[in-house]
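Working through the structure, step by step
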Amino acid sequence: MTDKFPILCLGAMLWDLIGRNPARLAPGGDVPGRITQQPGGVALNVALALARQGLRPAILSALGRDPQGDALIAEAERRNIDTHWLMRQGQLPTDSYLAIESPDGLVAAIADTRALEAAGASILAPLRDGRLGDARTPWRGTLVVDGNLTPSVLTLIARDPCLSAADLRIVPASPDKAARLWPLLNHPRATFHLNRAEAEALTGRSFRSAARAAEAVIALGAPRVLVTDGNRLAADAVRGARTLSEIPPQVATVRVTGAGDAFLAAHFAAELAGCDRPEALSRAIRAAAAHISAKELS
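Residues numbered from 1 in each chain as written. Predicted model: local features only at pLDDT ≥ 70, side-chain atom pairs only at ≥ 80, totals over all residues. Heavy atoms only, no water.

On to the sheet that holds strand 7 (residues 96-102), then. Read from one edge to the other, the open sheet built from 4 strands follows the order 3-2-7-8, with strand pairing classed as mixed. Only two strands of the sheet have a single neighbouring strand rather than two, namely strand 3 (34-40) and strand 8 (105-112). Between one strand axis and the next, the sheet turns by 20° as a mean value, whatever way the strands run. Of the strand pairs in this sheet, strand 7 and strand 8 are connected by 7 bridges, and their pairing is antiparallel. Its bridge partner being in strand 8, Ala99 is matched across the sheet by Ala109. Sheet contacts for helix 1 (residues 42-52): strand 2 (14-20) and strand 3; angle to strand 3, the most-contacted strand, approximately 80°. Against the sheet, helix 2 (residues 67-78) engages strand 2 and strand 3, with an angle of about 90° to strand 2. (Pairing = 2+ DSSP bridges. Helix = DSSP H or I, 4+ residues; strand = E, 2+ residues; numbered from the N terminus. Axes fitted to C-alpha atoms, helices over the stretch in contact; angles between N-to-C directions. Contact = heavy atoms within 4.5 Å.)

Below you can see the structure in the form of structure tokens.
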């Protein structure tokens, strides 16, 4: 983590176990394929993608005191992630994520984030007890907020004076968890990164395009919203400004888990490098397409 651009990724750090098959899968299908294990979780995925952009983020998460946690920390550090602020839980195993993917995208997934959920507000301790900041000297930098955090922790983030100066980059984690983000909608320094399904879950409405979805979230109070929609148009909406949109390049889908996190990291890195809104959106779209087509290093 650099002093000039401090970046903290707050949320899930776990092992992804992902099964992939080159054919479409029907419910109850039992097919041959490939199963891989890799570091994952929204917060860690974003941190890894930021590291690939040449940045050094830190991660705030909770892991078990088990061999799986030890291995995950070693892998994160090998990939230039600062793990100094992690919590280790003795009674629970390190979290995990199980997903099935097909060429059409995600078939189904289960996220077991018991260690993160059990940590509760304790995970914010370095930002509140003076190590990174407190109410008198709020931490200044970018905080990536993962929707895998509990609703009570997300509400605390929205209201805590210790985080009043933070630049928030908010990711729901899934449509089912998007409603947890309501307390953060009016945060003056928040940027939401959503896919269209998450935007629809957050607003309770259906949309024909990412641009309409992004504008609807803006209407709820968010200052800035970026929405992706698979291989369809992606959009960047800012309160009081023109909504931008661009169609991604058409690529073969090899993997989908982590594509939104790659988008966020590339967009953030582009803006740090001084890119304007159109160029930052283009770079983010290209990064997500590269990830989906497996052209990006894992």
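All right, on to the sheet that holds strand 1 (residues 7-10) then. Strand order in the open sheet formed by 8 strands is 4-1-9-10-11-12-13-14, and the pairing between neighbours is mixed. Where the open sheet ends on each side, the last strands, each with one partner, are strand 4 (58-60) and strand 14 (244-246). Across this sheet, the average inter-strand angle for adjacent strands is 15°, counted without regard to direction. In the packing of helix 1 onto the sheet, the strands contacted are strand 1, strand 4, strand 9 (142-146) and strand 10 (167-171), and the crossing angle to strand 1 comes to about 150°.

Interaxial distance between helix 1 and helix 8 (residues 259-272) falls to 8 Å at its minimum, and their mutual angle equals 45°. The pairing of helix 1 with helix 8 is recorded here as oblique in orientation. The two elements helix 1 and helix 8 cross, and the hand of that crossing is right-handed. Here Val42, Asn45, Val46, Ala49 and Leu50 of helix 1 come into contact with helix 8, specifically with Asp261, Ala262, Leu264, Ala265 and Phe268. When its residues are assigned to classes, the contact of helix 1 with helix 8 shows 8 nonpolar, 1 polar and 1 charged. (Parallel < 35°, antiparallel > 145°, perpendicular 65-115°, else oblique. Left-handed = near helix turned anticlockwise from the far one by under 90°. Nonpolar A, V, L, I, M, F, W, Y, C, P; charged D, E, K, R; others polar.)

Turning our eyes to something else, we now look at unusual backbone geometry. Even without glycine at this site, Asn80 takes up a positive phi of about 75°. With respect to the helices and strands, the residue Asn80 is situated in the loop between helix 2 and strand 6 (87-89). In the Ramachandran plot, Ala173 falls in the positive-phi region, its phi being about 90° despite a non-glycine side chain. By secondary structure assignment, the location of Ala173 is in the loop between strand 10 and strand 11 (190-195).

Below, the discussion takes up the pattern of salt bridges. Here the structure, examined in full by the defined rule, presents 17 salt bridges. For the salt bridge of Arg128 with Asp160, the shortest nitrogen-to-oxygen distance reads 2.7 Å. With Arg128 in helix 4 (residues 125-128) and Asp160 in the loop between helix 5 (151-159) and strand 10, this residue pair connects regions lying 32 residues apart in the sequence. On the basis of relative accessibility, which here comes to 6%, the residue Asp160 falls in the buried class. Salt bridges linked by common partners bring Asp167, Arg169, Arg224, Asp236, Glu271 and Arg277 together as one network. (Salt bridge = Lys/Arg side-chain N within 4 Å of Asp/Glu carboxyl O. Buried < 20%, exposed > 50% of the residue type's maximum accessible area, 1.4 Å probe, protein only.)

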